[in-house]
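Take a look at the letters that make up each chain.
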Amino acid sequence: AAMREHYALLANQHVGRDPPRHVIDATGANLLCLDRVLALFPAARIVLVVRHPADQALAGLTALYAPSALTAQLLDPGDCLTLIDQINTVARSLGRALGDNLHVLRYETFLEEPRVALASVLKFLDVPARPRVKPKTPDVREGFPPGQWKHYWPVLREHRSTLEALCTASGYPFAPPE
């Protein structure tokens, strides 16, 4: 309880609400700390955003922002695919452990139907929609749109079998240009 109160105090310093109703952490590498989050907040509801593995690998290689300790190690497509495979393994275990406290959202769905995707997330989190929220200005650091990986196929080609296995395991189509 003391750690939970300390966390709420720290979060309040950033969000200006005492105590914060919802805390969102959008750092994918924090999946590795999820056991501690769940120890502090056993009823936490987790939204996991997944992306086509090839697009995810390309994003890891071409990041236009300061890398985290985890992403700084992504030096080639093979490194990216290994990390994606490990994160997918953690995510599958997470899905089994969290059950109804996990909501998986495909990044592509969010881009195609943002209102529908956002409504599903808000419903899952039991957060009322605020229709007056202004759309954010696009950020150039957000990376490539879905499917761009096909334009970089020469860079990814040597990892074809790994990439195909990752796509199959995560339910994404794999149709590389030949």
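Refer to the structure presented above.
Residues numbered from 1 in each chain as written. Predicted model: local features only at pLDDT ≥ 70, side-chain atom pairs only at ≥ 80, totals over all residues. Heavy atoms only, no water.

### Observations regarding the environment of Pro177
Reasoning step 1: With respect to the secondary-structure elements, Pro177 resides in the segment after helix 8 (160-170).
Reasoning step 2: The class of Pro177 is partly exposed, set by a relative accessible area of 32%.
Reasoning step 3: Sequence separation between Pro177 and His151 is 26 residues, and the spatial gap between their C-alpha atoms is 8.4 Å. (Helix = DSSP H or I, 4+ residues; strand = E, 2+ residues; numbered from the N terminus. Buried < 20%, exposed > 50% of the residue type's maximum accessible area, 1.4 Å probe, protein only.)

### A look at the environment of Leu34
Reasoning step 1: Of note, Leu34 is situated in helix 2 (residues 34-40).
Reasoning step 2: In the structure, Leu34 is positioned 12 residues away from Ile46 in sequence and 9.4 Å away in space, judged by C-alpha atoms.
Reasoning step 3: Residues contacting Leu34, with those up to four places away along its chain left out, are Ile46, Leu94 and Leu98. (Contact = heavy atoms within 4.5 Å.)

### A look at the side chain of Asn88
Reasoning step 1: Assignment of secondary structure puts Asn88 in helix 4 (residues 77-98).
Reasoning step 2: Setting aside residues no more than four positions away along its own chain, Asn88 makes contact with Leu166 and Ser170.

### Notes on the packing of helix 3 (residues 53-61) against helix 4
Reasoning step 1: One way to put it is that helix 3 packs onto helix 4 with a least axis distance of 9 Å and a crossing angle of 125°. If you check the angle between helix 3 and helix 4, you find them oblique. Remark: the crossing between helix 3 and helix 4 carries right-handed chirality. Every residue of helix 4 that contacts helix 3 at Pro53, Gln56, Ala57, Gly60 and Leu61 is listed here: Pro77, Cys80, Leu81 and Ile84.
Reasoning step 2: Residue composition of the contact of helix 3 with helix 4, by class: seven nonpolar, two polar and no charged. (Axes fitted to C-alpha atoms, helices over the stretch in contact; angles between N-to-C directions. Parallel < 35°, antiparallel > 145°, perpendicular 65-115°, else oblique. Left-handed = near helix turned anticlockwise from the far one by under 90°. Nonpolar A, V, L, I, M, F, W, Y, C, P; charged D, E, K, R; others polar.)

### Some remarks on the pattern of salt bridges
Reasoning step 1: With the rule as written, the count across this model stands at one salt bridge.
Reasoning step 2: The residue Arg36 makes a salt bridge to Asp35 at a minimum N-O spacing of 4.0 Å. Here Arg36 matches Asp35 in class, with each residue exposed. (Salt bridge = Lys/Arg side-chain N within 4 Å of Asp/Glu carboxyl O.)

### Points about the environment of Tyr152
Reasoning step 1: Positionally, Tyr152 belongs in the loop between helix 6 (114-125) and helix 7 (153-156).
Reasoning step 2: Separated by 24 residues in sequence, Tyr152 and Pro176 place their C-alpha atoms 10.0 Å apart.
Reasoning step 3: If near-sequence neighbours (up to four positions away) are discounted, Tyr152 is found in contact with Leu58 and Phe144.

### Side note on the nonpolar core
Reasoning step 1: Counting 16 residues, the largest nonpolar core has Leu81, Trp149, Trp153, Leu156, Leu163 and Phe174 as the members making the most contacts within it.
Reasoning step 2: Listing elements by their share of this core, those giving two or more residues are helix 3, helix 4, helix 7 and helix 8.
Reasoning step 3: Sorting elements by how many residues they give to this core places helix 4 first, with four residues.
Reasoning step 4: Setting aside residues up to four positions removed in sequence, Trp153 forms contacts with Arg160, Leu163, Phe174, Pro176, Pro177 and Glu178.
Reasoning step 5: By size, the runner-up hydrophobic cluster in this structure holds nine residues, among which are Leu31, Leu34, Leu94 and Leu98. (Core = buried A, V, L, I, M, F, W, Y, C linked by side-chain atoms within 4.5 Å.)

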